[in-house]
Amino acid sequence: MSFNMGTSLNNKNSHLVVISVCYLLAHGLGLLNSGIFWDDWLWHSSTAAYVTKALTELGSPWGAVYFNYMVTLEHSILVFRTITFFSFYLSALALYSILKTIREISSDERMLITLFFAIFPCNLLRIATCISWYGICYFMFFLAFWLLKRHLVTGGIHYRLLALTTFFISFTTNSLLVFYILPLLYILYMRKLFSVQFRSLLAMIPRYLDFLLLPIVFWMIKKLFFPSYGFYQGYNSLSIGNMLLSPITAVAAFYQSLFPVMDSVLTFWPYPTSMILLILFIFWRMKKIDVQTDSNKQLVYSIVGLFCFYIAIFPYLTVGHIPSVSGFENRHQLLIPLGVSILLVYTVQFITCRFSWIVNKNQVIRMVYSIMVIQFLFFNIKSYVLIQGAWYKQLAIISQIQRNDIIRNHTTFLFQDHIPSLSAWIGRYGYLDYAAFMKKAFNEETRFGMTESEYHGKKDKRVANLMNKNWLLHDYQPKDPEYLVHIEAGASEANTKQIFQLLKLELTNKARFEQDVSRLIRLRTEKI
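Residues numbered from 1 in each chain as written. Predicted model: local features only at pLDDT ≥ 70, side-chain atom pairs only at ≥ 80, totals over all residues. Heavy atoms only, no water.

Novice: Account for unusual backbone geometry, with residues named and values stated.
Specialist: If you check the backbone angles, H75 has positive phi at about 60° while not being a glycine. Structurally, H75 is set in the loop between α4 (61-70) and α5 (76-99). Despite not being glycine, N443 shows a phi value in the positive range, around 55°. In this structure, N443 sits in the loop between α19 (431-442) and β2 (448-451). Overall, N443 belongs to the exposed group, its relative accessible area being 67%. (Helix = DSSP H or I, 4+ residues; strand = E, 2+ residues; numbered from the N terminus. Buried < 20%, exposed > 50% of the residue type's maximum accessible area, 1.4 Å probe, protein only.)

In C-alpha cells:
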C-alpha cells in the first residue's frame, strides 16, 4: 500500500539542511551554557594528580589524560561543549549514510529516522563536561559503523582496519559492547545471510572472525589491565538478577524516556512569533515528504526499533540503572535515539494504516510527524533553558555565600532549598555541590554543607563519616553543623524571559550580568 505525500525530498542536500537546522535549534543553546554541574565540580577543581588517581581507579586512565589536557585549554568549557555538540551531530550524518544501504528504507524515511535520531530529547546530561568522553565514544562508534559500511561496499582493506580500530576505541564506553550487536547484524544483512542455511552462516565466520572477536578481546584487556579498584571497586558490577528482570525494567525505562517528552511544552516559549514561524516551517517541510507504506515492513521495522531500544538500555539495566529523562540518570539514555527514531517512524505509519476510518492517511501521517518534530524541538529548548537557569542559580548562591559573613566565619552548615524548581532539572544538591560553591566563593577547602533533609535521614550523623575529604574538603575539620542556611527567592524572578535576558548580559555585559544574577536568590541563616 502506498500513500503519496507530495513531492518527494529526494535531494540529499535538502535532507541534510533540514536535519542540520533542526539539530541546531534543538541543541544550539547548549553551546552557550558555561556551567559546571554534578561531578564537573570535582574534576575542574581538583589537581591533575587526583583526577588521574580517581579515573585510573575507575578503570579509565585514558579519561584522565583527556580531561587533564582539556582543562588546561583557554575557554575549556566552550571546547568541551563544542566537541559534544559535533560528536552527536556527526553521528547523525554517519547514520544517514549508513541507512542508504538499507534497501527497504526509502529516502524520506531515512531523513525522518535521522532527524528523530538527532533531536529526540534524551541524554541532555551530555552538557556535563564530566561525561563528554561518552559523546566522543558515541561518535567513534558511528564513525566505525560508517567505515564498516564503506568496507562492505568497496571491499577496501583500509576501511576494515580503520573500522576495527575505531570500534575498539569506542568500547571504552562499555555499553557500546552490547550495542555492537547492530554492526554484526548489519554484516549479515549486507552479505544477504539472514535467509540462508546455518551451514552457510558458519562458513562466513572465518571471513569476519576479527569483528566477532573484537569485543571479547577488548573485554579481556579491560578486565586484566584496567579493572576498577580502590574507591570504585565493584563500580557498575553486573547482576544476574538485574539481567533477568531487564525485560520488566525495560518497560519502566521506555515509559520514563518517552512519555514525559509527549507532555505539552509549547506554553513555555516566550516569543510567540518565533514559535509560529517554526511551526509553519516544519509543516512546510513535512508537506514534501513521500512515505511508501507497506504493512509488513512497518511491523518488522517497528520490532527492529524496539530491539534497538532494548539493547541500548540493557547494559544499564544490568547494573541497576533505569534511564530517565531528567536528573543524573539521564546519562544512561546515551544509546536510545536509534531505537526510538526507527520505532516512531514506522509505528506511526503502522497504526495509521490500521484504522480504516482515517480517510486521508497521508495528511494524518504528515501531521503526526510534524507535531513530533515540534514537540521534540521545544522540549529540548525548554530543557536547555532550565539547565541555564540551574547554572545561574548556582552562580547566585556562590555570589551570596561570598558576601555572607556567617558562612565566611564558620565551617559546617545544613542547607534548606526553598526554590528547588529553579534547579529541578539537575536535582537536589549534594555535599560535593555545596563544598564546590564554598570553595569557589573563598578559594579554600575548609567548609562542609549538606541538605538538611539528607542529614537528618542519616543514622550516623557524625560529619566525619558522611564525607570524602578528596571531594573538595582537604582542609576541613569535621564538626557538628553550626548554622542552617535557607536558600530563598531573591529580588529577581527567574522565569524564562529573565533567563534569556541574563544569557544576553553574560555574552555582552559581564559586570551587569554578575550584579543581576546574584539577585536571583538570597540566603538567610539561623543558628542551630
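Novice: Could you give an account of empty space enclosed by the protein, with specific residues and numbers?
Specialist: Under the counting rule described, the total for this entry stands at four cavities of 30 Å³ or more. The volume enclosed by the largest cavity comes to roughly 90 Å³. Surrounding the largest cavity, Y23, H27, G30, L31, R81, T84, F85, R126, I127 and Y384 form its lining. Elements that contribute at least two residues to the lining of the largest cavity include exactly α1 (12-31) and α5. The class makeup of the residues in the lining of the largest cavity is five nonpolar, three polar and two charged. Taken as a whole, the second largest cavity spans an internal volume of roughly 70 Å³. Taken together, Y23, F88, F117, A118, F120, C122, N123, R126, Y138, L334 and P337 form the lining of the second largest cavity. Taken together, the residues of the lining of the second largest cavity break down into nine nonpolar, one polar and one charged. (1 Å grid on protein atoms, 1.4 Å probe; cavity = no way out; pocket = protein on both sides within 12 Å on 5 of 7 lines; lining within 4 Å. Points joined across faces, edges and corners; volume = space filled by probe spheres on them. Nonpolar A, V, L, I, M, F, W, Y, C, P; charged D, E, K, R; others polar.)

Novice: A description of the packing of helix α17 (residues 361-403) against α19 should follow, citing residues and the corresponding values.
Specialist: Packed helices, taken two at a time, are described by the angle between their axes plus the distance between the axes. In the contact formed by α17 and α19, the axes pass within 9 Å of each other and the chain directions differ by 55°. With respect to α19, the axis of α17 lies oblique. Here α17 runs over α19; the crossing is right-handed. Judged by residue contacts, Q394, I397, I398, I401 and Q402 of α17 engage F437, M438, K440, A441 and F442 from α19. Class assignment for the residues of the contact of α17 with α19 results in seven nonpolar, two polar and one charged. (Axes fitted to C-alpha atoms, helices over the stretch in contact; angles between N-to-C directions. Parallel < 35°, antiparallel > 145°, perpendicular 65-115°, else oblique. Left-handed = near helix turned anticlockwise from the far one by under 90°. Contact = heavy atoms within 4.5 Å.)

Novice: Tell me about the packing of aromatic side chains, and name the residues and values.
Specialist: Considering all chains together, one arrives at 46 aromatic pairs under this definition. A centroid spacing of 4.0 Å and a plane angle of 10° characterise the contact between F415 and Y434, whose relative ring orientation is stacked. Highlighted residues: F415 in strand β1 (residues 412-417) and Y434 in helix α19, separated in sequence by 19 residues. Among the residues examined, Y434 registers a relative accessible area of 1% and is labelled buried. On the numbers, 5.7 Å between centres and 75° between planes, the contact of Y429 with Y434 is edge-to-face. Exposure remark for Y429: the relative accessible area of 3% places this residue in the buried category. Positioned above the aromatic ring of Y96, the side-chain terminus of R110 is 4.8 Å from the ring centre. Directly above the ring of F88 sits R126, whose terminal nitrogen or CZ lies 4.1 Å from the centroid. (Phe/Tyr/Trp six-rings, centres within 6.5 Å; stacked < 30°, edge-to-face > 60°. Lys NZ or Arg CZ within 6 Å of the ring centre and 35° of its normal.)

Novice: I'd love a proper account of the sheet that holds β1, names of residues and values included.
Specialist: On the basis of which strands lie adjacent, the open sheet formed by four strands has the order β2-β1-β3-β4 and mixed pairing. Edge positions in the sheet fall to β2 and β4 (521-527), since each of these pairs with one other strand and no more. Geometrically, the sheet is characterised by an average inter-axis angle of 30° between neighbouring strands, direction not taken into account. Alignment of β1 against strand β3 (residues 483-489), held across five bridges, turns out to be parallel. Bridging across to β3, F413 finds its partner in Y483. Across the face of the sheet, α17 comes into contact with β1, β3 and β4 while running at roughly 50° to β4. The strands touched by α19 are β1, β2 and β3; relative to β2, the strand with the most contacts, the crossing angle is about 140°. (Pairing = 2+ DSSP bridges.)

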